[in-house]
Amino acid sequence: MTYVVDLERREVRALARIAPWRGRRVIELGCGDGRLTLRLAALGARVLAIDPDAECIRAARLALPERFADRVRYRVGRAGRLNARAESYDLAVFSWAL
Amino acid sequence: MVHALREAHRVLAAGGMVADLRPAPEHRRVSIARGGRTRLIGTMRESFREDHAANRAVDRVVGEGWFAVERRLRFDCRRVMDTVAELREWLRDFDTRRGHSSHEWLARRVERALDHGTAPSRIVARGPLILNALRKLEPAPRGSRARGASSRGGRRARAR
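Residues numbered from 1 in each chain as written. Chains lettered and ligands numbered in written order. Predicted model: local features only at pLDDT ≥ 70, side-chain atom pairs only at ≥ 80, totals over all residues. Heavy atoms only, no water.

## Brief notes about the interface of chain A and chain B
Taken residue by residue, the interface counts 38 residues in chain A and 40 residues in chain B. Together chain A and chain B conceal approximately 3500 Å² of surface at their shared face, both sides included; 60% is due to carbon and sulfur atoms. Looking at the side of chain A facing chain B, the largest losses of area belong to Ile18, Trp96 and Leu98 of chain A, adding up to 22% of the total buried there. The tally of links from chain A across to chain B stands at two salt bridges. Lys136 of chain B is the partner of Glu87 of chain A in a salt bridge, and the nearest nitrogen-oxygen pair spans 4.0 Å. There are 16 residue pairs in polar contact (both at pLDDT 80 or more) connecting chain A and chain B. For the side of chain A that touches chain B, the secondary-structure elements that each account for two or more residues are β1 (4-5), α1 (10-18), β2 (25-29) and β5 (89-95) of chain A. Among the elements that take part in the side of chain A that touches chain B, β5 of chain A stands out by supplying seven residues, more than any other. When the residues that make up the side of chain A that touches chain B are grouped by side-chain class, the tally is 24 nonpolar, four polar and ten charged. Relative to strand β1 (residues 12-23) of chain B, β5 of chain A runs parallel, the two being bridged by six bridges. Within β1 of chain B, the position partnered with Ser95 of chain A by the bridge is Leu21 of chain B. (Contact = heavy atoms within 4.5 Å. Buried area = accessible area lost by both parts, 1.4 Å probe. Salt bridge = Lys/Arg side-chain N within 4 Å of Asp/Glu carboxyl O. Polar contact = N/O pair within 3.5 Å; in protein donor to acceptor, adjacent residues only side chain to side chain. Helix = DSSP H or I, 4+ residues; strand = E, 2+ residues; numbered from the N terminus. Nonpolar A, V, L, I, M, F, W, Y, C, P; charged D, E, K, R; others polar. Pairing = 2+ DSSP bridges.)

## Thoughts on helix α3 (residues 54-62) of chain A
Along α3 of chain A, the positions that sit buried rather than exposed are Cys56, Ile57 and Ala60 of chain A. For α3 of chain A, the angular spread of the buried residues around the axis is 100°, confining them to a single face. Of the residues in α3 of chain A, the exposed ones pointing more than 90 degrees away from the buried face are Glu55 and Leu62 of chain A. Packed against the buried residues of α3 of chain A are β3 (46-51) and β4 (72-76) of chain A together with α3 (84-98) of chain B. Structurally, the start of α3 of chain A carries an N-cap: the backbone nitrogen of Glu55 of chain A is 2.9 Å from a side-chain oxygen of Asp53 of chain A. (Buried < 20%, exposed > 50% of the residue type's maximum accessible area, 1.4 Å probe, protein only. Arc of directions from axis to C-beta.)

## Looking at the packing of α3 of chain B against helix α4 (residues 104-115) of chain B
Residues and elements named next belong to chain B. One can describe the packing of α3 onto α4 by two numbers: an axis separation of 10 Å at closest approach and a directional angle of 170°. Taken together, the axes of α3 and α4 lie roughly antiparallel to each other. Contacts between α3 and α4 involve Val84, Leu87, Arg88 and Leu91 on the former and, on the latter, Glu104, Ala107, Arg108, Val110, Glu111 and Leu114. The residue inventory of the contact of α3 with α4, partitioned by class, reads six nonpolar, no polar and four charged. (Axes fitted to C-alpha atoms, helices over the stretch in contact; angles between N-to-C directions. Parallel < 35°, antiparallel > 145°, perpendicular 65-115°, else oblique.)

As structure tokens, then:
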């Protein structure tokens, strides 16, 4: 696919307005193919990105740039039952997932 | 949805935040951009049932005292595609995920419109997004340790 979403990067600007992201522990719910995940990583966040679709997670892992490899992890999972410790994240992003 | 928000509350540190990013319940417009001009081809016929349910879920967890709304932002978002095949793939994914009736009619309309021009063109789907920033409140409401919804919480929310 060659389509471009949010050409003007308004999404990123809006996210940057609501919180500082650098160094923050972020859990992203409904990451799909990881489009927004990479933008969160570019803002400096450390992201655990979750999606129930294993195929999407596989594609996202393949598309993960080397420069974000130490900051992004992908996992198959559901928003309603997170396999995560209590109080272990600074931000939870529902990425078109609520 | 309420359960997912409560689960997010559990994994967030004190003072943590939920960022709820999703399309606004507004019909997206599909246009063709060609030579600096944009021509509207059609307006999508989405159902907003899930969007309204998500809004109700946010209202509920706020009403129950799990989160406070810190900011609500709304902004335009464009999805730009080069080919009808890309539009079709996006529409198919969109229809499947959201349980809509098919938007194939829109793809055909775009196809016909593209047949009439020779200049390079792009397909643009446009619609607003919303971003809700919800700050975690503590302590969590009573009964928060139990998985699943608490009907007491619901009644309390409605009473406010």
